[in-house]
Amino acid sequence: KEKEDEKKEEDEDSSCQSEPPAKRVKSEQLGEDGESQEDAGATEKELTGRKRARGQNKSRPCMKPNHYEQSRLCPSVMQGCAEKCYFGPRCRFLHDIGEYMAAKPADLGRRCVLFETFGKCVYGITCRFAQAHLGDGYQNIINMEVAKQWEGKLLVRNNLSKELQHQLRKRKFSFKKADEYLRGLAKPHGDGGKGGKATGRSTEEQEVPNCTTPQKELGDDPECPVLQEQGEDPKPDALQSPSPAAGEEASSVKTVGPVTDEDIIKLRSCEKKVLDIQGKLYLAPLTTCGNLPFRRICKRFGADVTCGEMAVCTNLLQGQSSEWALLKRHHSEDIFGVQLEGAFPDTMTKCAELLNQTIEVDFVDINVGCPIDLVYKKGGGCALMTRSNKFEQIVRGMNSVLDVPLTVKIRTGVQEKINVAHKIIPKIREWGASMVTLHGRSREQRYTRGADWDYIAECAKIASPMPLFGNGDILSYEDANRAMQTGVSGIMIARQVPVGALIKPWLFTEIKEQRHWDISSSERFDILKDFTNYGLEHWGSDTQGVEKTRKFLLEWLSFLCRYIPVGLLEHLPQKINERPPYYMGRDYLETLMASQNADDWIKISELLLGPVPTNFTFLPKHKANSYR
């Protein structure tokens, strides 16, 4: 019956995607997508006329400039090997440097951050700051003294190799552990053939015994040997030197000397790498704005733990470059994790095994707190809190294939006044998760009203001895101190809307130094300069990289404008849900940064990245972020 219900849901989802928009809205109003009639009525009411702007701007204009697509230089010319063009006679890019330079937009400045930092700009003549490193005949100058300092150093890890992408696209990657776990779910057993949660539990208990099992039983069990030396490091070699190759290829290599049994016997939970972040400041995964340059800013201000943006497991399994870019890790991120979103145990377990073999992370987080409809209606995010069977299979499956700790991020519940987190947390602990993060709001609340820290305190007691991090409404060190007094293991400084870290990334410094920082407009502008430089390093200093940096800068500015300088406040501290009235700053730059008009954000971006392209427009991702 459960399988028939799931199949019915999938059929309804697929039919909903194929229907025209008018019909789809009508079906949602009728409650055919599985939601209650009350939810459908609320949706209808919001569609007919909203009193206030909220949610996402789903019909945003395309911000990708077209002028650089028309006359782009061939990559082979950029790399100085024009005679070996990758595309051959069918190449549609320019090979004439003179023609390219005639059409190239003017440079944006005399300083190239890539050339100054690394001694070489890999973008050569396509760089928008090329005059800093171009010599006679458009030759790219290299500062050998600086370049030698960076030789052999890997600044950004977790890149998607072409070989791995090819394996994923051709479905040649080996998911040995995941397939074994999924076969266990599919096997019928004693209670009448239901695969369900009992199968997942029995598989886990048989193959990965609990650490509290008596020593005698452990010694008798050939599948769970005891460590011979008490101080022996149980961490597998795969974590120390991850290889992009498939697990099947790695296990087939013949070795000389002692052979470990790590590829045959699963690690017990006590043998896994411990996630020791008690009392540390955790920067939450921030969709759109939590990119690598922003995380570098937060690390500089004192963030202890960082996590990549939410990545969809199905897109990762397909080898999509844009999704794999969310997993990239800067060398300054010493404690780093990735967050996955998915609705089914097969894709989530396979994705966990894929990441376990191919990237370097300290933990993997499951997003069970995402409230947006696109994720919720497919059974992911908050919907997993109501699908306990699938939720259990996902947690147990991912935990069985990972060599690093598994964490889970949840909300108080789906409906506003019906909290269910206290019932789910003990189960999550039993399933094998190492930590839970609880956002003190329900899905219906989204990011409105205040977070329920009294309820978070109750859940922290229930979760013990498993660590529980609290999340919600942290915008000052007083807020952080009150949160820590509730008994949580730590606090997550989090997400949109409202957001602590995006409004004031120096919040980490304030918490650690226990003070209010009356930061000046020039200091805040320097932070934006650093973000711009980090963005040019990460996305590139050519036109495409400059415009991508500008896009993410503008998205961030749509949150930064909410900050009210400490020196202007009538009472301290600023509350996270307070929207500032229009006010004049202490100087012109402070007034400009406080503007909630998107045109003023564009002016700030032009101070850092030069003039915007012709007919450039910007609309923030969230409607509530601008009064344009």
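Details of the structure are given in the entry above.
Rules and cut-offs
- Residues numbered from 1 in each chain as written.
- Predicted model: local features only at pLDDT ≥ 70, side-chain atom pairs only at ≥ 80, totals over all residues.
- Heavy atoms only, no water.
- Helix = DSSP H or I, 4+ residues; strand = E, 2+ residues; numbered from the N terminus.
- Buried < 20%, exposed > 50% of the residue type's maximum accessible area, 1.4 Å probe, protein only.
- Contact = heavy atoms within 4.5 Å.
- Areas by Shrake-Rupley, 256 points an atom, 1.4 Å probe, with all protein chains shown as cover.
- Disulfide = S-S within 2.5 Å.
- Phe/Tyr/Trp six-rings, centres within 6.5 Å; stacked < 30°, edge-to-face > 60°.
- Lys NZ or Arg CZ within 6 Å of the ring centre and 35° of its normal.
- Salt bridge = Lys/Arg side-chain N within 4 Å of Asp/Glu carboxyl O.
- Axes fitted to C-alpha atoms, helices over the stretch in contact; angles between N-to-C directions.
- Parallel < 35°, antiparallel > 145°, perpendicular 65-115°, else oblique.
- Left-handed = near helix turned anticlockwise from the far one by under 90°.
- Nonpolar A, V, L, I, M, F, W, Y, C, P; charged D, E, K, R; others polar.
- Pairing = 2+ DSSP bridges.
- Right-handed = clockwise from strand over helix to strand, strands pointing away.

## Some thoughts on the overall build of the protein chain
So, point 1. Along the protein chain, the regular secondary structure elements total 29 helices and 10 strands.
So, point 2. For the protein chain, the proportion of its 628 residues judged to be buried stands at 51%.
So, point 3. Within the protein chain, contacts between residues at least 6 apart in sequence are counted, and of these 70% link residues at least 24 apart.
So, point 4. Split by element, the accessible area of the protein chain, about 31,200 Å² in all, is 50% carbon and sulfur.

## So, the state of the cysteines
So, point 1. A complete count under the given rule lists 0 disulfides for this structure.
So, point 2. Of all cysteine sulfurs in the structure, the one in Cys-127 sits closest to Cys-121, which takes part in no disulfide; the separation is 3.8 Å.
So, point 3. You can call Cys-121 buried: its relative accessible area is 0%.
So, point 4. In this structure Cys-313 is not part of a disulfide, and its nearest cysteine sulfur, from Cys-351, lies 5.5 Å away.

## Some thoughts on the packing of aromatic side chains
So, point 1. A full pass over the atoms with the stated rule returns 12 aromatic pairs.
So, point 2. Relative to Tyr-563, the ring of Trp-506 has its centre 5.0 Å away and its plane inclined at 90°; by these criteria the two rings are edge-to-face. With Trp-506 in the loop between α24 (500-503) and α25 (507-513) and Tyr-563 in the loop between α27 (543-560) and α28 (588-594), this residue pair connects regions lying 57 residues apart in the sequence.
So, point 3. The class of Trp-506 is buried, set by a relative accessible area of 2%.
So, point 4. Put simply, the rings of Tyr-282, Phe-363 and Phe-469 touch in pairs and so form one group of aromatic residues.
So, point 5. Directly above the ring of Trp-150 sits Lys-153, whose terminal nitrogen or CZ lies 5.5 Å from the centroid.
So, point 6. Sitting over the ring of Trp-517, Arg-515 keeps its end group 5.1 Å from the ring centre.

## What about the pattern of salt bridges?
So, point 1. Counting across every chain of the model gives 20 salt bridges.
So, point 2. The shortest N-O distance in the salt bridge between Lys-104 and Asp-107 comes to 3.5 Å.
So, point 3. On the basis of relative accessible area, Asp-107 is assigned to the partly exposed category, the value being 27%.
So, point 4. The salt bridge partner of Asp-600 is Lys-603, with a shortest N-O separation of 3.7 Å. Linking Asp-600 with Lys-603, this pair stays in helix α29 (residues 598-609), spanning 3 residues, or about one helical turn.
So, point 5. Connected via shared salt-bridge partners are Glu-392, Arg-396 and Glu-430.

## Overview of unusual backbone geometry
So, point 1. Along the chain, Ser-464 connects to Pro-465 via a cis peptide bond; the corresponding omega equals 10°.
So, point 2. For the peptide bond that leads from Leu-572 to Pro-573, omega is -5°, which places it in the cis range.
So, point 3. Looking at the element boundaries, Pro-573 is found in the loop between α27 and α28.
So, point 4. Backbone geometry places Tyr-138, a non-glycine residue, at a positive phi of 60°.
So, point 5. Inspection of the secondary structure assignment puts Tyr-138 in the loop between α7 (113-118) and α8 (144-149).
So, point 6. A positive phi angle, close to 75°, is found at Thr-288, a residue other than glycine.
So, point 7. Tracing the backbone shows Thr-288 in the loop between β2 (281-283) and α15 (292-300).
So, point 8. Note on Thr-288: relative accessible area 14%, which makes it buried.

## Some details on the packing of helix α10 (residues 176-186) against helix α18 (residues 345-358)
So, point 1. Across the interface, α10 lies against α18 with an axial gap of 8 Å and an inter-helix angle of 155°. One way to sum up the angle between α10 and α18 is to call them roughly antiparallel. Relative to α18, the crossing made by α10 is right-handed. Contact with α10, carried on its side by Lys-176, Lys-177, Ala-178, Asp-179, Tyr-181, Leu-182 and Leu-185, involves Pro-345, Asp-346, Thr-349, Lys-350 and Glu-353 of α18 and no other residues of that element.
So, point 2. By residue class, the composition of the contact of α10 with α18 is 5 nonpolar, 1 polar and 6 charged.

## Considering the sheet that holds strand β10 (residues 490-493)
So, point 1. Taken in spatial order, the 8 strands line up as β2-β10-β9-β8-β7-β6-β5-β3 in an open sheet, and their pairing is parallel. The sheet is open, and its two edges are formed by β2 and β3 (306-312), each paired on a single side. Along the sheet, successive strands turn relative to each other by an average axial angle of 25°, direction set aside.
So, point 2. Across 3 bridges, the pairing between β2 and β10 is parallel.

## A few points about the pairing of β10
So, point 1. Burial of β10 is two-sided: the residues Gly-490 and Met-492 facing one way and the residues Ile-491 and Ile-493 facing the other way are all buried.
So, point 2. When strand β9 (residues 468-471) meets β10, the two strands line up parallel, connected through 3 bridges. Paired with Asn-471 across the strands is Met-492, a residue of β10.
So, point 3. Handedness of the crossover joining β9 and β10 through helix α23 (residues 477-484) is recorded here as right-handed.

Everything listed is a geometric property; what it means functionally is a separate question.
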